[in-house]
Amino acid sequence: MLHSLEKFTKKYVVFNAVELFTLASLFKPISFNENDFVIKKSEPVSNIYFLDSGVLKSYIENNNKMFSVKFYFSPIFFSDLNAVINRKETTRNFVTVKKANIFMANFEDIIRLNENSEKHKRFFKMIFGDDYMFNSNFIM
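Just so we're clear, the structure is a prediction, and the values are computed from it rather than from any experiment. (Residues numbered from 1 in each chain as written. Predicted model: local features only at pLDDT ≥ 70, side-chain atom pairs only at ≥ 80, totals over all residues. Heavy atoms only, no water.)

A. Local environment of the nonpolar core. The biggest cluster of nonpolar side chains holds 37 residues, and the ones touching the most others in it are Leu23, Val38, Phe77, Phe78 and Phe123. Beyond its immediate chain neighbours, meaning those up to four positions away, Phe78 contacts Val38, Ile39, Ile48, Tyr49, Phe50, Leu51, Leu56, Tyr72, Phe94 and Ile102. (Core = buried A, V, L, I, M, F, W, Y, C linked by side-chain atoms within 4.5 Å. Buried < 20%, exposed > 50% of the residue type's maximum accessible area, 1.4 Å probe, protein only. Contact = heavy atoms within 4.5 Å.)

B. Fine view of a nonpolar patch on the surface. On the surface, a nonpolar cluster with roughly 400 Å² of combined accessible area is contributed by Met66, Val69, Phe71 and Phe73. Mapped onto the elements, Phe73 comes out in strand 5 (residues 65-73). (Patch = residues over 30% accessible without salt bridge, like charges linked within 9 Å, V, L, I, M, F, W, Y side chains within 5 Å. Areas by Shrake-Rupley, 256 points an atom, 1.4 Å probe, with all protein chains shown as cover. Salt bridge = Lys/Arg side-chain N within 4 Å of Asp/Glu carboxyl O. Helix = DSSP H or I, 4+ residues; strand = E, 2+ residues; numbered from the N terminus.)

C. How the structure looks around helix 4 (residues 107-116). All of the buried residues in helix 4 are Phe107, Ile110, Ile111, Leu113 and Asn114. Taken around the axis of helix 4, the buried residues stretch over an arc of 160°, which confines them to a single face. Along helix 4, exposed side chains directed more than 90 degrees from the buried face belong to Glu115 and Asn116. Two to three positions downstream of the cap, the backbone nitrogen of Glu108 sits 2.8 Å from a side-chain oxygen, assigning the N-cap of helix 4 to Asn106. (Arc of directions from axis to C-beta. Polar contact = N/O pair within 3.5 Å; in protein donor to acceptor, adjacent residues only side chain to side chain.)

D. Molecular detail of the pattern of salt bridges. Per the stated rule, a full pass over the model turns up four salt bridges. Note that Glu118 is salt-bridged to Lys121, the shortest N-O span being 4.0 Å. Of this pair, Glu118 and Lys121 both sit in helix 5 (residues 118-134), three residues apart, which is roughly one turn of the helix. Judged by relative accessible area, Lys121 falls into the buried class, the value being 18%.

E. Focus on helix 1 (residues 2-9). Those residues of helix 1 that fall on the buried side of the exposure criterion are Ser4, Leu5, Phe8 and Thr9. End-on view of helix 1: buried residues confined to an arc of 130°, all on one side of the axis.

F. Looking closely at the sheet that holds strand 3 (residues 47-53). Across the sheet, four strands lie side by side as 1-8-3-6; this open sheet has antiparallel pairing. Lying at the two open borders of the sheet, with one neighbouring strand each, are strand 1 (28-32) and strand 6 (76-78). On average, each strand axis in the sheet is inclined to that of its neighbour by 30°, with strand direction left out of account. Pairing analysis gives six bridges linking strand 3 to strand 8 (residues 100-106), with the strands arranged antiparallel. By the bridge assignment, Asn47 is partnered in strand 8 with Asn106. (Pairing = 2+ DSSP bridges. Axes fitted to C-alpha atoms, helices over the stretch in contact; angles between N-to-C directions.)

G. Just the environment of Arg122, in detail. Within the secondary structure layout, Arg122 lies in helix 5. For Arg122 and Val13, which are 109 residues apart along the polypeptide, the C-alpha to C-alpha distance reads 8.2 Å.

H. Representation of the side chain of Ser58. Looking at the secondary structure, you find Ser58 in strand 4 (residues 55-62). Engagement of the side chain of Ser58 in a polar contact is seen with the side chain of Arg92, the distance being 3.1 Å. Filtering out sequence-adjacent residues up to four positions away, Ser58 remains in contact with Ser68, Val69, Lys70, Tyr72, Arg92, Asn93 and Phe94.

As structure tokens, then:
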């Protein structure tokens, strides 16, 4: 994970070895096969995920049809941040397109890290963009 995490993060912020390891230590590995749900519609979401390898898609389902399909290619962070921040159930499904190695961290742990590190805080604001910024009163 460290190699792909560093590859992804350096597009935004250059972490030293300790900062990168501190971030990586929050994440626990999970393996998924093709067509496995990582996050399922109507479930509460409290985690942030890092796609280390594989491909993932997210979508909204209505009347057995997929809408707002988005594909994620490793390495990348993902989650339904709106559901995480507002502590509600997700309206999206996140499903592996092919076998994937994913790392999961509790969002509260990310918040604690950001409280102690301006660099990590800036990084998460950059990667999650508007959702993170508009809800910054909740998470900061």
